[in-house]
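Close look at the chain arrangement
Here is what each chain is made of, one letter per residue.
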Amino acid sequence: MHSQNPVFIPGPTNIPEALRRAVDMPTLDHRSGAFADILRPVLEGVKQVLKSDTAEVFIFPSTGSGGWETALTNTLSAGDKVLACRNGMFSQKWIDMCERHGLVVEVVEVEWGGGIPAARFEEILTADRAHEIKAVLATHNETATGVVSDIAAVRGAMDAASHPALLLVDGVSSIGSMDFQMDEWGVDVAVTGSQKGFMLPAGLAIVGFSPKAAAMVETASLPRWFFDIRDMRSGYAINGYPYTPPVGLLNGLKLSTEMLLDEGLDNVFKRHARIATGVRKAIAAWDMPLYAQSPELYSNSVSAIKTPEGFDANTIVALASEKYDTAFGAGLGAVAGKLFRIGHLGSLTDMMALSGIAVAEMCMKDLGLPVILGSGVAAAQEHYRTTA
Ligand SMILES: *Cc1c(COP(=O)(O)O)cnc(C)c1O
């Protein structure tokens, strides 16, 4: 059944009408000047969203996962050592990708709900005097648990250890929703996709390379073809792609970056923070804990809500879908059944957030959880009513 209900999954996110129209366009010759009029502003707009003056932006027909592969294969060689923290399903998947590429991953295990332990990274990097670690991987926002990590602190740990490794950051569920400062934080490769903060359908891997990371492509020997940034760079030099570009999606991305930059990135982040705070106030009113262990880890793009011991959280997601035609996020991997997630990133208003909170309350009540109807809605209303 089709409905106009917004989704509350942490990606893909709701698509504003203007972006739907921008994506839906007639065939255009991707070797004509008309394509350059899309490509040029897209590359420039993404660079601004990344808050970078020096990044080289590449956009592949793919998803965020393809962005991970672009980051790894263009900078590393088989047998290279990388440092990563496992604190949820997405950091886990990126580690798995590294291992399948023959990289040696030093994994720092963190209880799910925790963030990247910068101090532990500093110890490991300081001890690595031979500089065997070639890259540090960081998942900025662990979408599976609603945990945002401090990337500036990870950079600080690398600098304190005077370590030359590259900093590769997964910003798939943060870029365009929460502050991300590629240059300021010394990020070497920033990875995202089209279907989260950019409010578009899935289909684009969006990556930014620092000059240092881009230079690594000459010596990195991991196999790559589709994701080789040199071929993409050659394509861009003549306003084209090494293969057929997804023109409609790129046209959507052109408008999406314009929308974000017109609103002002800092206003976009404030809007996300404000909506997220209302959702968290609702969750507190339900007297349910967030999965994120402490307030500085609370994500402004997704909240993961721990359900009581012995209760299957998946039943909330299933009932919301079947009875109320509303999508929430389920627990993934090790936290399946233990939590449900409310995505609050992308195109969202107070009114939309309130409707999601209201449906979550009905589901929990239907399933016998001790939630008082209207309690979360009232807490969020009070927040939205009194803040701008
Ligand atoms: C969604 C997501 C991904 C995966 O992106 P796909 O577009 O589904 O390939 C990776 N990392 C994080 C943090 C995500 O939220």
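Please refer to the structure higher up on the page.
Residues numbered from 1 in each chain as written. Predicted model: local features only at pLDDT ≥ 70, side-chain atom pairs only at ≥ 80, totals over all residues. Heavy atoms only, no water.

Attention now goes to the sheet that holds strand β12 (residues 339-343). Taken in spatial order, the 3 strands of this open sheet run β10-β12-β11, and their pairing is antiparallel. Strand pairing shows two members of the sheet lacking a second neighbour, β10 (302-306) and β11 (329-330), which therefore form its edges. Judged from the 2 bridges that link them, β11 and β12 form a sheet pairing that is antiparallel. Its bridge partner being in β12, A330 is matched across the sheet by F340. (Pairing = 2+ DSSP bridges. Helix = DSSP H or I, 4+ residues; strand = E, 2+ residues; numbered from the N terminus.)

A few words on the site of the ligand. Around the ligand, a shell composed of T63, G64, S65, W68, F90, N141, T143, D170, V172, S173, Q195 and K196 is seen. Measuring from an oxygen atom of the ligand, one finds a side-chain N or O atom of T143 at 2.5 Å. In the environment of the ligand, an oxygen atom lies 2.7 Å from a nitrogen or oxygen atom belonging to the side chain of K196. Bound to the protein, the ligand loses 89% of the 380 Å² it would expose on its own. Each residue belonging to the shell around the ligand can be placed in one class, and the counts come to 3 nonpolar, 7 polar and 2 charged. (Near = heavy atom within 4 Å. Polar contact = N/O pair within 3.5 Å; in protein donor to acceptor, adjacent residues only side chain to side chain. Areas by Shrake-Rupley, 256 points an atom, 1.4 Å probe, with all protein chains shown as cover. Nonpolar A, V, L, I, M, F, W, Y, C, P; charged D, E, K, R; others polar.)

With that settled, the discussion passes to unusual backbone geometry. Residue P12 is bonded to the preceding G11 through a cis peptide linkage, with omega at 0 degrees. Of note in the backbone geometry, H131 takes a positive phi value of approximately 55 degrees without being a glycine. On the accessibility criterion, H131 (30% relative accessible area) is partly exposed. Its identity as a non-glycine residue notwithstanding, D287 has a phi of 60 degrees, on the positive side. Structurally, D287 is set in the loop between α10 (265-285) and β10. (Buried < 20%, exposed > 50% of the residue type's maximum accessible area, 1.4 Å probe, protein only.)

Here we take up the nonpolar core. Judged by nonpolar contacts, the single largest core of 85 residues is most densely connected at I59 and L168. Considering each element in turn, this core owes the most residues, 7 residues, to helix α2 (residues 33-49). With 32 residues, the next largest nonpolar core counts V317, I342, M364 and V371 among its residues. (Core = buried A, V, L, I, M, F, W, Y, C linked by side-chain atoms within 4.5 Å.)

Following both chains from N to C, one finds helix α5 (residues 118-127) and helix α6 (residues 151-160) inclined at 25 degrees, their axes separated by 8 Å at the closest point. In terms of their interaxial angle, α5 and α6 are classed as roughly parallel. Crossing of α5 over α6 shows right-handed handedness. Residues A118, F121, E122 and L125 of α5 lie in contact with α6, whose contacting residues are A153, V154, A157, M158 and A160. A breakdown of the residues in the contact of α5 with α6 according to their chemical character gives 8 nonpolar, no polar and 1 charged. (Axes fitted to C-alpha atoms, helices over the stretch in contact; angles between N-to-C directions. Parallel < 35°, antiparallel > 145°, perpendicular 65-115°, else oblique. Left-handed = near helix turned anticlockwise from the far one by under 90°. Contact = heavy atoms within 4.5 Å.)

Its 17 residues place the ends of α2 25 Å apart at the C-alpha level, agreeing with the 24 Å of an ideal helix rising 1.5 Å per residue. Of the positions making up α2, those classed as buried are F35, A36, I38, L39, V42, L43, G45, V46 and V49. Buried residues along α2 sit against β1 (56-61), β9 (204-209), α8 (229-237), α9 (247-263) and α10. Positive phi appears at K51, one or two residues downstream of α2, with a value of about 55 degrees. (Expected span 1.5 Å × (residues − 1).)

Here we take up the packing of helix α12 (residues 350-366) against helix α13 (residues 375-386). Between α12 and α13, the least distance of the axes is 8 Å, while the angle of their chain directions is 165 degrees. For the element pair α12 / α13, the angle class is roughly antiparallel. The chirality of how α12 crosses α13 is right-handed. Contacts between α12 and α13 involve D350, A353, L354, I357, A358 and E361 from the former and S375, G376, V377, A380, Q381 and Y384 from the latter. Among the residues making up the contact of α12 with α13, the classes are represented as 7 nonpolar, 3 polar and 2 charged.

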